[in-house]
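Coordinates in review
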Amino acid sequence: MGRVVGIDLGTTFSLIAYLDAQTGAPKCILGPYGSTLCPSVVSVDADGKVIVGEPARAKLLTQPERTIYSVKRLMGRGVADVQDELKIFPFRIDPGSDNVIRVRLGDKSFTAPEISAYILRELKSWAEAYFQEPVDRAVITVPAYFNDAQRQATKDAGRLAGLEVLRLVNEPTAAALAYGLHKQKRGHVAVYDFGGGTFDISLLKLISTNEGDIYQVLATNGDTHLGGDDIDNALLDLARREIREKFGVEFDHRGEAIQTLRKSLIRAKHELSSAEKTIVQYPLESKGMYIREITRAEFDELIRPIIARTMAPVKMALADAKLAPKEMDEVVLVGGSTRIPLVRKTVGDYFQRAPHCELDPDEVVALGAAVQADILETGVKTMLLLDVTPLSLGIETMGGVIAKIIPRNSTIPASAQELFTTGVENQTAIDVHVLQGERELAKDCRSLARFQLKTPPGPAGLARIEVKFLIDANGILQVAARDLRSSEQHTVEVQPSYGLSDTEIERMLEESIEFAEQDFAERQVIEARTEAETILAATDKALADPRSQEISIAERQAIAESEVQLRTALAGRDYKLMRTRIDEINAATAHLAEVLMNGALQTAFEGKRLDDV
């Protein structure tokens, strides 16, 4: 077998690392251009040759229509989800794209996992040149808030690159490993990860035991569509507006000119991390020169709304973990965007402590991936990672309500099971609809999979269907449904299409809070209505039974009146009134139920006597 490595597949840069056997410390591998950072850029020449990394980044200026960057933003997303990107980035979607995005580079088209695979292959070649032996296995990091589709797309990219993906590890957890925070005996740690295209916050509890160190993720939150790219775009919007107003020049967002301007503005952003001001100079051919001084104070005001967006997930994660900012013992900064002074000040002020930023924020995730890769390779489990699933998982039940089986922030690997039954007489199959999200109703959550389980016909409520959810260490879900009476079983590994908008995840959590009261009331109405309809059907069936003639006319009239009252309540949306009417019909039919039960027992007893004879 070949070597095992840790890989940070990033939006702007990607890195590859290993654990040095002599020093016991993780190290990033240098590429042929003298840097550990491989630009996450892929370009296709006119002759069809694919170029990756530093040479591809240079092609952004000479052949932007054949070059793609920030492909991580497209991982696990559908065609309809990238329309906003097309207004900013020079990406052209192949008209033949269906659910899976295909990006057109020259006369060739590629999916996002295919493009990412080229980046992974480039990193693999760096490592093989360094070790002088094959590299065939890897731990790859992903944003903690990546959904199932995005994780699956990342695994696909690894497989296309010729790598066995041993584990997908959440980036903040990898960063905690790299910092060696296990040396601390115990405590709570916040990992604030602000990269080129994604933002994550993870709260960990570090426990030191005789057997080793445990990294338990208590809560995670984030935004898979927020990062340094947004800061670059804010600067670009400012410059384009000023150039348009002063010089009357408008840029083609796919042209060479705008990529050159973008490069100048990114350089200015980097300079403002250490300087109080910088100057952007950009020639406009015959129109003159665009010269713009940008001060740190002006830059801070421009990006303040973007930085503020990171704090909402931070607050939600703390609420989920039931912790206050001052209860965090350590705060760790990860990702190139955390070099910005305003980011460091915002985080420090909120947590009331200076954050850790000793390690290179670009390298820290790859270093942590190398530590985890070594743990999996050697089997030495002195460190145990306990990650969580970011969103709740469940199935749709009667009335379109979601029954949550695994709640969000559950430690993974995880499994849970629930028993369900049929709601219709002589039902021959059950539709199992697997959902992900925080809302109360199925229509407001994300559909992951659907399948049917056959059941023998019988009375409503007789079937016993066991639904079991299993999430593996990579966050990939398996669902099994089994009829306990017939032993009929169906198992499906949920492999979602890549058609989910990144904003849907953050919307799910935000809306679950915003609409919590409304959702709960809606659920109460649905559940009361479902119970009422079941009782009315059962009452009609009981009254049609010949043995019901034993009850008095007065009782039959009372039952009829309570039925009318319940049906009237069903026409409205007052679930409390429905519950009152349900109690009334239960009371009115109590003697009827007793008569029918006694009759059934008598019939069964007489049948047994005949058998004995």
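Okay, so let's go over this structure. (Residues numbered from 1 in each chain as written. Predicted model: local features only at pLDDT ≥ 70, side-chain atom pairs only at ≥ 80, totals over all residues. Heavy atoms only, no water.)

**Observations regarding the environment of serine 116**
The test is simple: Only runs of H or I of at least four residues qualify as helices and only runs of E of at least two qualify as strands under DSSP, and these elements are numbered from the N terminus. Think of it in three bands: residues with accessible area under 20% of the maximum for their type are buried, residues over 50% are exposed, and the middle band is partly exposed, with areas taken using a 1.4 Å probe on protein chains only. The contact definition used throughout considers only heavy atoms, calling two residues in contact when any of these lie within 4.5 Å.
Turning to its location among the elements, serine 116 is positioned in helix α3 (residues 112–131). We classify serine 116 as buried; its relative accessible area is 2%. Each C-alpha atom, one on serine 116 and one on aspartate 156, is 9.3 Å from the other, the two residues being 40 residues apart in sequence. Ignoring sequence-local partners within four residues, the contact set of serine 116 consists of Leu9, Val71, Met75 and Ala157.

**Some thoughts on helix α1 (residues 54–62)**
The criterion, for reference: Comment: arc refers to directions from the helix axis out to C-beta atoms.
Of the residues making up α1, those classed as buried are Ala56, Leu60 and Leu61. Down the axis of α1, the buried side of the element spans an arc of 165°, and every buried residue falls inside it. Where α1 is buried, its residues contact β5 (41–44), β6 (50–52), β7 (67–69) and α7 (256–271).

**Here we look at unusual backbone geometry**
Its identity is not glycine, yet serine 70 carries a phi of approximately 55°, on the positive side. Within the secondary structure, serine 70 sits in the loop between β7 and α2 (83–86). Given a relative accessible area of 2%, serine 70 falls into the buried group. Unlike most non-glycine residues, asparagine 426 shows phi in positive territory, near 55°. Mapped onto the elements, asparagine 426 comes out in the loop between β23 (414–420) and β24 (429–436).

**Re the sheet that holds strand β10 (residues 108–111)**
Quick note on the threshold: Should DSSP find at least two bridges between two strands, the strands are regarded as paired. Between N-to-C directions, angles span 0 to 180 degrees; the directions come from axes that are lines fitted to C-alpha atoms, helices contributing only their stretch in contact.
Spatially, three strands are ordered β8-β9-β10 in an open sheet, and the strand pairing comes out antiparallel. Whereas interior strands pair on both sides, the edge strands pair on one side only; in this sheet they are β8 (92–93) and β10. Here β8 runs beside strand β9 (residues 102–105); their pairing, made up of two bridges, is antiparallel. The residue bridging arginine 92 from the neighbouring strand is arginine 104, located in β9. Lying on the sheet, α3 is in contact with β9 and β10; it crosses β10 at an angle near 90°.

**Structural notes on the sheet that holds β5**
The antiparallel open sheet is built from three strands, whose spatial order is β6-β5-β7. One side of each edge strand has no neighbouring strand; the edge strands of this open sheet are β6 and β7. On average, each strand axis in the sheet is inclined to that of its neighbour by 15°, with strand direction left out of account. Note: β5 against β6, three bridges, orientation antiparallel. Across the sheet, residue serine 43 finds its bridge partner in β6, namely isoleucine 51.

**Quick word on the packing of helix α13 (residues 553–570) against helix α14 (residues 575–588)**
Put simply, the rule reads: Roughly parallel refers to an angle under 35 degrees, roughly antiparallel to one over 145, roughly perpendicular to one between 65 and 115, and oblique to any angle outside these ranges. Working rule for handedness: look at the near helix, and if it is turned counterclockwise from the far one by less than a right angle, call the crossing left-handed; if clockwise, right-handed. Each residue is assigned to one class: nonpolar for Ala, Val, Leu, Ile, Met, Phe, Trp, Tyr, Cys and Pro, charged for Asp, Glu, Lys and Arg, and polar for all the others, Gly among them.
Packing of α13 against α14 brings their axes to within 9 Å, and their N-to-C directions diverge by 165°. With respect to each other, α13 and α14 are oriented roughly antiparallel. Between α13 and α14 lies a crossing of left-handed hand. Along the contact surface, α13 presents Ala558, Ile559, Ser562, Glu563, Gln565, Leu566, Ala569 and Leu570, while α14 presents Leu577, Met578, Arg581, Ile582, Glu584, Ile585 and Ala588. Taken together, the residues that form the contact of α13 with α14 break down as 10 nonpolar, two polar and three charged.

**Some details on the pairing of strand β27 (residues 477–483)**
Of all seven residues in β27, five are buried; the element is thus mostly enclosed. For strand β26 (residues 465–471) and β27, the ladder comprises seven bridges, and the chain directions are antiparallel. Directly across from lysine 468, in β27, lies its bridge partner alanine 480.

**Observations concerning the pattern of salt bridges**
What counts is decided by this rule: By convention in these notes, a salt bridge is any Lys or Arg side-chain nitrogen within 4 Å of a carboxyl oxygen on Asp or Glu.
Taken as a whole and assessed by the stated rule, the structure comprises 34 salt bridges. A salt bridge links arginine 408 to aspartate 320, with the shortest nitrogen-to-oxygen separation between them at 2.6 Å. Of this pair, arginine 408 sits in the loop between β21 (401–406) and β22 (411–412) while aspartate 320 sits in helix α8 (residues 296–321), and the two are 88 residues apart along the sequence. Using a relative accessible area of 23% as the deciding quantity, one classes arginine 408 as partly exposed.

**Observations regarding the packing of aromatic side chains**
Which entries qualify depends on this criterion: Aromatic pairs are defined between Phe, Tyr and Trp rings, using the six-membered ring for Trp, whenever the two ring centres lie within 6.5 Å; interplanar angles under 30 degrees are classed as stacked, those over 60 as edge-to-face, and all others as tilted.
If you walk through the whole model with that rule in mind, you get eight aromatic pairs. Ring centres of tyrosine 350 and phenylalanine 351 lie 5.2 Å apart, and the angle between their planes is 90°; this geometry places the pair in the edge-to-face category. Under the relative-accessibility criterion, tyrosine 350 is labelled partly exposed at 23%. For phenylalanine 351, a relative accessible area of 1% corresponds to the buried category. Put simply, the rings of Tyr18, Tyr130 and Phe131 touch in pairs and so form one group of aromatic residues.

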